[in-house]
Structures are given as structure tokens and as C-alpha cells.
Amino acid sequence: MAADIEFLGIAELGRRYRRRELSPVDVATAHLDRIGRLDKTLNSYVTVTAERALSDARAAEAELARGNAGPLSGVPVGYKDLYATKGIRTTAGSALLADWIPDHDATCVTRLQQAGMVMLGKLITHEFAFGIQFPGHRFPPARNPWNLDHIPGGSSSGSGAALAAGLAVGALGSDTGGSIRGPAAACGIVGLKPTYGRVSRAGVVTLSWTLDHTGPMARSVEDCALMLQALAGYDPADPASSREPVSDYTAGLAAGVRGLRIGIPRDYFFHGVAPEVVTAFDAAIGTLRGLGAEVKDVVIPSIWSSSALMVIMLTEAYAYHARDLRERPELYGEVLREKLMAGALFTADEYVQAQRLRARLVEEAHRVLEEVDLLATPTTPGTTPAFAAVHDPNFPFARSNMFPFNMTGLPALALPCGFAPNGLPISLQLAGRPFEEATVLRAGHAYEQATEWHRRRPDVR
Amino acid sequence: MASDSSDITLDEVRERIRVAGVRIPEERVGLIHGFLRDALRPIRALDTRTVRTLEPAPTFDAAAERDRHGR
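Each value, and the rule that gives it
- Residues numbered from 1 in each chain as written.
- Chains lettered and ligands numbered in written order.
- Predicted model: local features only at pLDDT ≥ 70, side-chain atom pairs only at ≥ 80, totals over all residues.
- Helix = DSSP H or I, 4+ residues; strand = E, 2+ residues; numbered from the N terminus.
- Buried ≥ 20, exposed ≤ 12 C-beta atoms within 10 Å, placed from the backbone.
- Rg over C-alpha atoms; globule rule 2.2 N^0.38 Å.
- Bend = angle between axes of the 7 residues up to and from the residue.
- Pairing = 2+ DSSP bridges.
- Axes fitted to C-alpha atoms, helices over the stretch in contact; angles between N-to-C directions.
- Contact = placed C-beta atoms within 7 Å.
- Nonpolar A, V, L, I, M, F, W, Y, C, P; charged D, E, K, R; others polar.
- Parallel < 35°, antiparallel > 145°, perpendicular 65-115°, else oblique.
- Left-handed = near helix turned anticlockwise from the far one by under 90°.
- Arc of directions from axis to C-beta.
- Core = buried A, V, L, I, M, F, W, Y, C linked by C-beta atoms within 7 Å.
- Right-handed = clockwise from strand over helix to strand, strands pointing away.

### With respect to the overall build of chain B
Phase 1 of the analysis: If you tally the helices and strands in chain B, you get two helices and zero strands.
Phase 2 of the analysis: Buried residues in chain B amount to 24% of all 71 residues.

Written as C-alpha cells, this is what we have:
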């Protein structure tokens, strides 16, 4: 029964709450017990807020009793430790902020708490959402529930690991170069990077102003849609926040993909992709075609310029961290410090040219999305690497299938589409037009309803 | 992608490190060189005289409300 509770989705939890078969306090308690048992191994939480969780759960119970509860009421959630939480330590995975206790909540946290979610705690992030946690770092790294010797992706590493292991029902991640979708892919869960400006970044520690996105992570597309509904919308505290009206993300979720046009950009996205990933991707496309989608190849001419993301990200990250790098360099992990310092090595014209390339990529992607409704690609070229590989300081950044959607700001969803012979998950990426998250989610939901990948659970104990 | 003659060289990276005044251990310069090479490749391939002018900046709203930046 306990395991059943911890892997229920948001909609099912709500149904059981309203039928009085479960209470938010029981569900919060079950999650806290499971965190106590499993997280000594997984390290997904950096701070567990047990008292707060029980207090939130009791408040949700009262709302349910009054008949005022919304769909997220009483649902346990974890926040990436990049999101400011009032009165609760917010570390950004760093020694620099190890004792920072904000006096405010990030807008996303406020919105989910107002929707009645139950805060279980803060989820570990790679240092400042960029650096890998090396042995001896201030905080130990989260481990992948599918194989403890492998990383759970990053930088929203704790979010991915906790969801896969049943240590939260929903989580928040942030995504500058794939940090929502990468952990989703590595951990066999679902992550949505919404359109740039759709969900507020206010109160979230910055990596790159141009590229940072915030968004939901969960074990199903429907759960991501329900969380997005509460998160989306204009926020005056975020200069990039959009006034575009918010769609209804669940109303058309079950409408299927019949007649939807899906484009596959073969160039770039299939370069160096592992054969088992190609096989799983092809099978996923076959499923979508079988459900009535029209599939064709498309071309984004300057797609290879996506690697200019690193110029923008490193330059802006250096600008954000320059003073602390000068004054307190010892509080950064050694390898992160050097990577951030690389941001000082670009020239002003290179940064401007990278932004121009980004503008060209945006224009081309929009043109392609006049021909098709969605783009489909593998989320990552292979399964997630072992700690031993990434702990080599010279471990390179691989070409990324996720970069193009940070460069263009388009909404992109990662969801499980198979498992490799090594037992690690494989992920499908679906991207759509700006502010058309509803279409992306609809296609992802249709795929999920036709497959069982998202129902597989790792054997953690 | 294969190496290209327009790629930034290791010596150029060392020179940039010197000019910027940042401290990067010699054993890590190769890694940083790899970063810069991959990141700069599309920029170095761009002929700014032939591409159509593109605005690099994000949208600027001159009529932004006073409190738009949270102040």
C-alpha cells in the first residue's frame, strides 16, 4: 500500500482525497518515511522540511473538508535548491550559499504553495545549476535510482532522482542548457521546459539571463500539465515574463494526435546518437504515426550554431559570478570555478555574434514550425554516464540535443520512450511553437497513453 | 565536427587567459580550449558582411511599467 501511495499521480491523488480514501497528512507522512529510508543512499534532498510538510498537509486537509481544494491541493512537492524559499536554507548546491536563508519565496514556490502543494523539502542541484558535484564537495551528489553508479543528470539532479524513486509527486527544475530535460531523460520521468517567459524566474538563482527557464517535473505528462497550470502567467518581478494569455493545459490533453504534423530534424540531432536510442526513437515515432500523426523530415539550416549557447551561457554566468570569483574563489568547486572563468575569455563581439546567431535560429525554427506543429528528437544521444566518467575533470560537454530549445526559447518536453540494454532510460523530446505548451503536452500524453514506459519503477530499497 | 583551420588555437586561449587575468591551471587549459573551440566554431564561421542584419537583443519594451523589474 505504501509504495502505491508514493507513485500515485496528481489527478488520482485528488480523486482519492475527495473520496476520503486518503488524506494529505497520510500521503505526506508516507513520503517523509520513504525519504528517511531511501535518501541516505540517493541524496536527492539537501533539506527535508518535515514540519512544514505536515503543516501544509493539514492546511490542505482543511481546504478539502471545506470543498475548496484545487487539483494540486495536498500533493507533495520538492523544490530544486535554486529556488528561494522564505525561512528555509537555499544553497544552489554551493558552499558559497550554504547558509543562505532567503526572506522571500521564488514566485514559482509561492504559486505552488498557494495551489495547496505540500513542501517536502529542497532538492539538490549541481553547483549553481552548472558544475558537477565532485567528491569532497560541500554537498554529496544525488544518485540515479536506476543505477546508483550513474548520475541522475543535471543540474536538476535531485528533482529527477526523487521523482523516479517515489520521494515526491512533483518537483521544480530549471533549464539553461537542458537541466530539466536531461534529468528527466536520465531518470525515466517527464520534464517540461516551457516557452521562455511563460513561467517566472523571479527568486531563482541565475545562471544565464538569456537562457534560464523554469518548469515542472513529474512522473507523467498529465502531472506536468497540472503543475504548469498553476505556474504559468505574467510575473512583474521577472523582466522576461510574458503577458501572453495562459492556455488551459488539461482541457485538450486527451484529444490525441490525429492530424498533428510532426517534423524530424535529422541533421545535428542524430549526430553520434547511440543505436539503442535511435531504435527507441523510431519506435516512438511509429507509435505516434499509428495514433494518426503525420510525420515528415524537416531542416533547420543553421542548427549547428546551437553550440554558440556556450558563449552566451558562460559569458552571462561569469558576469553574474565575477565578484565572488574574485573575492571568494575558494567557495567554488575547483572545476566549476575554471569553467566559469572561461566566460571571461570571450570577447564582446563574440557574445554579440552569438546572440545574432540565436536570433537567426529563432527565425528558422519559427519558419519550420509553419510546416509542422511539433518537432521530435531524441532528448539525449545516449543513456546517462557513470560517476566515474563525469568525475574526470576533463570530461567534455557533449553536443546537446537540448541546447537548440534554450537558444530558441521554444517549449520542449522530455518523456520516457524506452530502456537501453544497460537498464537505463531513453527519452523522447517533443518541441512546439512559442506558448503552445498545450499541443506539446497533448502529443506527449497521447504517446504515454499508448505505452507503458512511464509506469516502470526502479528497484530502490 | 572535424577540426577547422578557423578554430581558436591553444596558444590563442593561453593569450586570452593572460589578458583576462584569470587563473586556470595549465593541466586544464586543454579542456577550456575544447570549450572555446566548440562554442566559437559557428561564430568564426559567420561572415558578418554577408549575413542579413539580425538584431541580437531580446525584446525591449520602452513602455515598461515602473515596477516591471520588481522595484
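Moving on from the coordinates now.
### Section: the overall build of chain A
Phase 1 of the analysis: If you tally the helices and strands in chain A, you get 15 helices and eleven strands.
Phase 2 of the analysis: A compact globule built from 461 residues would reach a C-alpha radius of gyration of about 23 Å, and chain A, at 20 Å, matches this within 12%.
Phase 3 of the analysis: By principal-axis analysis of the C-alpha atoms, chain A measures approximately 60 × 60 × 45 Å.
Phase 4 of the analysis: Counting all 461 residues of chain A, 59% fall into the buried class.

### Quick word on helix 3 (residues 24–42) of chain A
Phase 1 of the analysis: Its maximal kink placed at Gly36 of chain A, helix 3 of chain A deviates by approximately 40°.
Phase 2 of the analysis: Trailing helix 3 of chain A by a residue or two, Asn43 of chain A shows a phi angle of about 55°, which is positive.

### Concerning the sheet that holds strand 11 (residues 425–432) of chain A
The strands that make up a sheet are held in pairs by hydrogen bonds between backbone atoms, and each pair lies either parallel or antiparallel.
Residues and elements named next belong to chain A.
Phase 1 of the analysis: A sheet is described by the order of its strands in space; here eleven strands give the open sequence 1-3-2-4-6-5-10-11-9-7-8, paired in mixed fashion. Where the open sheet ends on each side, the last strands, each with one partner, are strand 1 (45–48) and strand 8 (294–298). Between one strand and the next, the sheet's axes are offset by a mean angle of 30°, whatever the strand orientation.

### A few points about the pairing of strand 11 of chain A
Residues and elements named next belong to chain A.
Phase 1 of the analysis: By the criterion of burial, strand 11 is predominantly enclosed, with eight of the eight residues buried.
Phase 2 of the analysis: Burial along strand 11 is two-sided: the residues Pro425, Ser427, Gln429 and Ala431 and Ile426, Leu428, Leu430 and Gly432 are all buried.
Phase 3 of the analysis: In the sheet, strand 9 (residues 374–378) pairs with strand 11 via five bridges, with the strands oriented antiparallel. Following the sheet pairing, Ala376 is matched in strand 11 by Leu430.
Phase 4 of the analysis: Examined bridge by bridge, strand 10 (residues 412–419) and strand 11 share seven bridges and lie antiparallel to one another. Note that in strand 11 the partner of Gly418 across the bridge is Ile426.
Phase 5 of the analysis: Here strand 10 folds back onto strand 11 in antiparallel fashion, the turn holding five residues, of which Gly423 has a positive phi close to 85°.

### Re the interface of chain B and chain A
Phase 1 of the analysis: Contact with chain B, which involves 28 residues of that partner, is made by 29 residues of chain A.
Phase 2 of the analysis: Those elements that place two or more of their residues in the side of chain B that touches chain A are helix 1 (10–20) and helix 2 (26–44) of chain B.
Phase 3 of the analysis: The greatest single-element share of the side of chain B that touches chain A, amounting to twelve residues, is contributed by helix 2 of chain B.
Phase 4 of the analysis: Residues of the side of chain B that touches chain A, tallied by class, amount to 17 nonpolar, three polar and eight charged.

### With respect to the packing of helix 10 (residues 309–327) of chain A against helix 11 (residues 334–342) of chain A
When two helices pack together, you describe them by how their axes are tilted relative to each other and by the distance separating the axes.
Residues and elements named next belong to chain A.
Phase 1 of the analysis: Where helix 10 contacts helix 11, the two axes come as close as 8 Å, and the packing angle between them is 120°. When the axes of helix 10 and helix 11 are compared, the pair comes out oblique. Handedness of the crossing formed by helix 10 with helix 11: left-handed. Across the interface between the two elements, Leu314, Ala317, Tyr318, His321 and Leu325 from helix 10 touch Arg337, Leu340, Met341 and Ala342 from helix 11.

### A word on helix 2 (residues 10–18) of chain A
Residue and element names in this part refer to chain A.
Phase 1 of the analysis: Every buried residue of helix 2 is listed here: Ile10, Leu13, Gly14 and Tyr17. Buried positions in helix 2, seen along its axis, are confined to an arc of 100° and lie on one side of it.
Phase 2 of the analysis: In this structure, the buried side of helix 2 is in contact with helix 3, helix 4 (50–66), strand 4 (170–175) and helix 8 (221–231).
Phase 3 of the analysis: In the stretch just after helix 2, Arg20 is the one whose phi turns positive, near 65°.

### Points about the nonpolar core
Phase 1 of the analysis: By size, the foremost hydrophobic cluster in this structure holds 154 residues, and its most contacted members are Val77, Val118, Val311 and Leu374 of chain A.
Phase 2 of the analysis: Top contributing element to this core by residue count: helix 10 of chain A, with nine residues.

### Details of the pairing of strand 7 (residues 261–265) of chain A
Residues and elements named next belong to chain A.
Phase 1 of the analysis: Alignment of strand 7 against strand 8, held across five bridges, turns out to be parallel. Bridge pairing in strand 8 links Gly263 to Lys296.
Phase 2 of the analysis: Considered for its hand, the β-α-β crossover made up of strand 7, helix 9 (residues 275–290) and strand 8 is right-handed.
Phase 3 of the analysis: Where strand 7 meets strand 9, two bridges bridge the pair, whose relative direction is parallel. Counterpart to Ile262 in the pairing with strand 9 is Leu374.

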